[in-house]
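Summary of structural features
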Amino acid sequence: MKKIFSGILGILVFFSPLRAQEYDGQSCTSIMVGRKASTDGSVMTSHTCDGRYRTWVQMEPAADHEPGTMHPVLRGTMQTRFRGDTVGVKLMGEIPQVAHTYAYLNTAYPCFNEKQLAIGETTFGGPDTLVNAAGWFTIEELERVALQRCDNARDAIRLMGALAEQYGYGDGGECLTVADKNEVWQFEIVGVGKNRIGAAWVAKRIPDDHVAVSANIPRIGRIDRKDKDMMASSNVEKVAIDNGLWDGKGTFVFWKSFNTSYAKGKNFNDREYFILNHFAPSLGLTYDMDELPFSVKPEKQVDIREVMALYRETYEGTDFDMTRGVKIARAANKEHPADTVTSPVANPWLTTTMRNTLNTIAPGTVEFRRTVAVAWCAYSHITQLRSWLPDSIGGVCWISVDNPGQSPRIPVFSGTTSLPKNFEVCGQKQYVPDSYLWQFRRANKLATLSWQSTKEGFNEEILRLENLALDGLPASPLSSAALNAYTEYIYQEGVRSWKALENKYWLQFGNGF
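Residues numbered from 1 in each chain as written. Predicted model: local features only at pLDDT ≥ 70, side-chain atom pairs only at ≥ 80, totals over all residues. Heavy atoms only, no water.

This brings us to the packing of aromatic side chains. Under the defined criterion, the tally for this structure stands at 27 aromatic pairs. Ring centres of Phe 440 and Trp 498 lie 5.9 Å apart, and the angle between their planes is 65°; on these two criteria the pair is classed as edge-to-face. Pair noted here: Phe 440 is in helix α10 (residues 436–448) and Trp 498 is in helix α12 (residues 480–508), with a separation of 58 residues, a long-range link. There is no split in this pair, since Phe 440 and Trp 498 are both buried. Through successive ring pairs, a cluster of aromatic residues spans Trp 349, Phe 423, Tyr 436, Phe 440, Trp 451, Phe 458, Tyr 491, Trp 498, Tyr 505 and Phe 509. In this structure, Arg 441 is placed above the aromatic ring of Trp 438, and the distance from its NZ or CZ to the ring centre is 5.1 Å. (Phe/Tyr/Trp six-rings, centres within 6.5 Å; stacked < 30°, edge-to-face > 60°. Helix = DSSP H or I, 4+ residues; strand = E, 2+ residues; numbered from the N terminus. Buried < 20%, exposed > 50% of the residue type's maximum accessible area, 1.4 Å probe, protein only. Lys NZ or Arg CZ within 6 Å of the ring centre and 35° of its normal.)

Here strand β1 (residues 30–33) shows two buried faces, one formed by Ser 30 and Met 32 and the other by Ile 31 and Val 33. Looking at chain direction, β1 and strand β14 (residues 211–214) are connected through four bridges and run antiparallel. The residue of β14 that forms the bridge with Ile 31 is Val 213. (Pairing = 2+ DSSP bridges.)

Of note, the phi angle at Gln 116 is positive, near 60°, even though the residue is not glycine. Assignment of secondary structure puts Gln 116 in the loop between β9 (112–113) and β10 (118–125). Its identity is not glycine, yet Tyr 315 carries a phi of approximately 70°, on the positive side. Here Tyr 315 shows up in the loop between α7 (304–310) and β17 (327–330). A relative accessible area of 0% places Tyr 315 in the buried class.

This paragraph deals with the nonpolar core. Membership of the largest hydrophobic core comes to 134 residues, with the highest contact counts inside it found for Leu 105, Leu 142, Val 178, Phe 187, Ile 189 and Phe 258. Excluding residues that lie within four positions of it along the chain, Leu 142 makes contacts with Phe 137, Met 160, Leu 163, Ala 164, Tyr 169 and Ile 189. One finds Met 322, Leu 350, Met 354 and Val 366 within the second-largest nonpolar core, a separate group that totals seven residues. (Core = buried A, V, L, I, M, F, W, Y, C linked by side-chain atoms within 4.5 Å. Contact = heavy atoms within 4.5 Å.)

The subject of this paragraph is the environment of Ala 103. Relative to the elements of secondary structure, Ala 103 occurs in the loop between β7 (100–101) and β8 (104–106). C-alpha separation for the pair Ala 103 and Ala 62, spaced 41 residues apart in sequence, amounts to 4.1 Å. Setting aside residues up to four positions removed in sequence, Ala 103 forms contacts with Glu 60, Pro 61, Ala 62, Phe 112, Asn 113 and Glu 114.

Turning our attention to the packing of α10 against α12. One can describe the packing of α10 onto α12 by two numbers: an axis separation of 9 Å at closest approach and a directional angle of 35°. Crossing handedness for the pair α10 and α12: left-handed. Residues Tyr 436, Gln 439, Phe 440, Arg 442, Ala 443, Asn 444, Leu 446 and Ala 447 of α10 form the contact with α12, whose own contacting residues are Tyr 491, Gly 494, Val 495, Trp 498, Leu 501, Glu 502, Tyr 505 and Trp 506. The class makeup of the residues in the contact of α10 with α12 is eleven nonpolar, three polar and two charged. (Axes fitted to C-alpha atoms, helices over the stretch in contact; angles between N-to-C directions. Left-handed = near helix turned anticlockwise from the far one by under 90°. Nonpolar A, V, L, I, M, F, W, Y, C, P; charged D, E, K, R; others polar.)

Within the secondary structure, Asp 208 is located in the loop between β13 (200–205) and β14. Overall, Asp 208 belongs to the buried group, its relative accessible area being 13%. Of note is the side chain of Asp 208, whose polar atom sits 2.7 Å from the side chain of Arg 205. Residue contacts for Asp 208: discarding those within four places in its chain leaves Gly 34, Arg 35, Lys 36, Ala 37 and Asn 182. (Polar contact = N/O pair within 3.5 Å; in protein donor to acceptor, adjacent residues only side chain to side chain.)

Attention now moves to the pattern of salt bridges. Once the charged atoms of two side chains with opposite charge are near each other, the side chains can pair. Here the structure, examined in full by the defined rule, presents 32 salt bridges. The salt bridge partner of Asp 471 is Arg 305, with a shortest N-O separation of 3.4 Å. With Asp 471 in helix α11 (residues 451–471) and Arg 305 in helix α7, this residue pair connects regions lying 166 residues apart in the sequence. Connected through salt bridges with shared partners, the residues Arg 35, Arg 154, Glu 183, Arg 205, Asp 208, Lys 228 and Asp 229 form a single ionic network. (Salt bridge = Lys/Arg side-chain N within 4 Å of Asp/Glu carboxyl O.)

Moving on: helix α2 (residues 139–149). Within α2, eleven of the eleven residues are buried, leaving the element largely enclosed by the surrounding structure. For α2, the set of buried residues is Ile 139, Glu 140, Glu 141, Leu 142, Glu 143, Arg 144, Val 145, Ala 146, Leu 147, Gln 148 and Arg 149.

Further remarks concern the packing of α2 against helix α3 (residues 153–167). Closest axis-to-axis distance for the α2/α3 pair is 9 Å, and the angle between their directions is 135°. Taken together, the axes of α2 and α3 lie oblique to each other. Between α2 and α3 lies a crossing of right-handed hand. Side by side, α2 and α3 meet where Leu 142, Glu 143, Val 145, Ala 146 and Arg 149 of the first sit next to Ala 156, Leu 159, Met 160, Leu 163 and Ala 164 of the second. A breakdown of the residues in the contact of α2 with α3 according to their chemical character gives eight nonpolar, no polar and two charged. (Parallel < 35°, antiparallel > 145°, perpendicular 65-115°, else oblique.)

On to helix α6 (residues 270–279). Counting buried residues in α6 gives nine out of ten residues, a clear majority hidden from the surface. For α6, every residue scored as buried is listed here: Asp 270, Arg 271, Glu 272, Tyr 273, Phe 274, Ile 275, Leu 276, Asn 277 and Phe 279. Structurally, α6 contributes buried residues whose contacts are with β1, β14, β16 (295–296) and α7.

Following the criterion strictly, the structure yields zero disulfides and no others. Note on Cys 377: no disulfide assigned, nearest cysteine sulfur contributed by Cys 49 at a separation of 6.7 Å. Unpaired in terms of disulfides, Cys 397 finds its nearest cysteine sulfur in Cys 111, a separation of 4.1 Å. Residue classification places Cys 397 among the buried residues on the basis of a relative accessible area of 0%. (Disulfide = S-S within 2.5 Å.)

Fair warning: the whole summary comes from geometry, so function is off the table for now.
If you want it as structure tokens, here you go:
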């Protein structure tokens, strides 16, 4: 029998700081849905920004620019405290500005614009021998320029690739999941060497009736430049050869040459395996395979609610469940005999410190699995793009902060022009009680302390807010003021509900945890 753990053990970890290196290579998840794979014809992309990145959010307006205007290429914006904060921000250079730029949603990784162009992101790192920090563009700056200048996925990919090749890519291996109202693509990019300016990249279109996932591992395989649904820089194979990543023999496979140690020689890990199996269980995909398909056709069409549910996924009830070994004795009564059950303090978001503590007391209690929803998430978005509606209401970016398994999603439209005031300040590096982040984080962390006893009521509130927001979506054009007001309404309802949950949990745990 496993050791029995007292409730006080559970409290220790939740006030311990998370160290980023504990989760190296496991920092984002993006699910993509083609228009024929969705129930209503939506194209979807998504992103969890997992790490201590900024949580302030701003809708940047469209703008006209005089001839000769230059656009600054910046580095370090993802750690800023508010819009305009220059601490740690470096000017890498300037590129010519275009005559008109589109309005876009300014998140740490810019994600969405007024033309129903949306971008998700996941980092795969790849060989560090490819990284040249002198390259001007990091991935978030490529996203920013693409959203300002493009109204479709193909043009965005071509632009990002060209800019990185010309001015240099100064980041590790990255994947962007680029979608418009008609199609969604996976774009993967790496540097070309320590002392070289340039970039090597490839992009592949997700079939309209398929779904796909990117989760910190490169997944594009063979490159066919004659395929209209694939794009690549001309130098990909040469970069692999020059850096000793491919011997030039046989068929070149992008993910094999530029892979990360986290992948353990494959093109998938926990999240890809779980999500692809969720959508297409009859394929019989197994964890011991060397490679999983790039995309799969779902066995039933996918609703936005299903994608939202996947972003709350922690594998409870499956073989990957990290709570099933955390047991407590239950005394016999008229309802049941004496037995052991999952402890109320068991939760799927234990830090390394707590996992090590439990495994020291009883070896094998918790085997770490990288869940889709993680406690160290800064913010996440699920964006649906709808071709049959005007751009202003057709694009909806469902954003949340903190743990995506706990926080409600707030709709932001392509036609939104301003966001709630509380979105303007980051709460990652200081406690700002009325910041967007902390208005939800407080109840989330309290609920986690006894998750087995709080999760049912907590999940009911998540679904109530979700249904409220979805059921009220506009079906015909509205003014920007009306769209802004709808976002504000759903947000304020979420704040009110999460404050009530917070108060409830303080009463529940008032005598101790």
